[in-house]
Amino acid sequence: MIIYPAMDLMGGRPVRLAQGRFDDATGYMLDPAEAVLAFEEAGAEWAHVVDLDGARDGCPRQHGMIVDIALSVSVKLQVAGGFREADHFTRVFDAGVDRVVIGSLAAYEPEKVRGFFESFGGEKLALALDVKLEDGVPIVATRGWTELSGKSLWEVAAFYPEAKHLLVTDIGRDGMLTGPNTELIAEVAARLPSCCLQASGGVSSLDDLRDLKAARAAGAIVGKALWEQRIDLKQAIDAGA
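The structure displayed is predicted, hence computed values, not measured ones.

Quick look at helix α4 (residues 86-94)
Within α4, the full set of buried residues consists of His 88, Phe 89, Val 92 and Phe 93. Angular distribution of buried residues about the axis of α4 spans 125 degrees; they occupy a single face of the element. Looking at the buried side of α4, the elements it contacts are α3 (63-72), β6 (99-102), α6 (110-120) and β7 (125-134).

In structure tokens:
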């Protein structure tokens, strides 16, 4: 299982949100490029970088910062936040980013998103489905988790048989350090076995990572637990191996 150390950016600095709430952000006084370089030095293969301003505004806002990071490190970058047009993808791919995450757009404009998969390929894109459980059904949340799409994870995923990478976040767990929803991850892995599944939300311990691996996650996003120094990245990578 690949460990994806995560960094969320707001206003050019790393932050962590609680359950995606922009008014509940904890800031960190670290240079973003240096933070990702530390991920690399700990042995990470990938880093997951989110432009929160872009996610909120529906258009990438921190392209320059992401370019600076891409030029400063050799670790592979998976980035997210407001990617809506083909040129948004092209710009970051040209800068050295390895994979871009598509979120809200996948629920509302499937034909457009299918076109992105046709243009860039399944290895360059990850489908991110952030969900809220409603009577046990994972409903896709959109637009910075401020709206529910009315579509289930299963309905949206069915639009994209070409997707090779699927990132699933239980938004009730994200940033709360309460443990991941391993039952949901196991169900997704069983129902969508052709996808490389990345689990996100709630990781707080090495045991959580071992549980996600047992649930057949191919990757795990680890954010707040790293930033709050509850998990050592080197040990996390060992737990996922």
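Notes on the environment of Ala 126
Along the chain, Ala 126 turns up in strand β7. Taking the relative accessible area as the measure of exposure, Ala 126 reaches 0% and is therefore buried. Considering only alpha carbons, one finds Ala 126 and Ala 218, 92 residues apart in sequence, at a separation of 13 Å. With residues near it in sequence (within four places) discarded, Ala 126 still touches Gln 78, Arg 99, Val 100, Val 101, Ile 102 and His 165.

A closer look at the packing of aromatic side chains
How two aromatic rings sit relative to each other is given by the distance of their centres and the angle of their planes. Tallied over the full model, the rule gives eight aromatic pairs. With centroids separated by 5.6 Å and ring planes inclined at 45 degrees, the aromatic side chains of Phe 83 and Phe 89 adopt a geometry described as tilted. This pair shows no difference in class: Phe 83 is buried, exactly as Phe 89 is. Measuring from ring centre to ring centre gives 5.5 Å for Phe 93 and Phe 120, while their planes differ by 55 degrees; the resulting arrangement is tilted. In this pair, Phe 93 sits in helix α4 while Phe 120 sits in helix α6, placing the two residues 27 residues apart along the sequence. The buried category is assigned to Phe 93, whose relative accessible area is 14%. Through a chain of ring-to-ring contacts, three or more aromatic side chains come together here, namely Phe 83, Phe 89, Phe 93, Phe 116 and Phe 120. Cation over ring: Arg 99 sits above Trp 46, and NZ or CZ is 4.2 Å from the ring centre.

The rules behind each value
Residues numbered from 1 in each chain as written. Predicted model: local features only at pLDDT ≥ 70, side-chain atom pairs only at ≥ 80, totals over all residues. Heavy atoms only, no water. Buried < 20%, exposed > 50% of the residue type's maximum accessible area, 1.4 Å probe, protein only. Helix = DSSP H or I, 4+ residues; strand = E, 2+ residues; numbered from the N terminus. Arc of directions from axis to C-beta. Contact = heavy atoms within 4.5 Å. Phe/Tyr/Trp six-rings, centres within 6.5 Å; stacked < 30°, edge-to-face > 60°. Lys NZ or Arg CZ within 6 Å of the ring centre and 35° of its normal.

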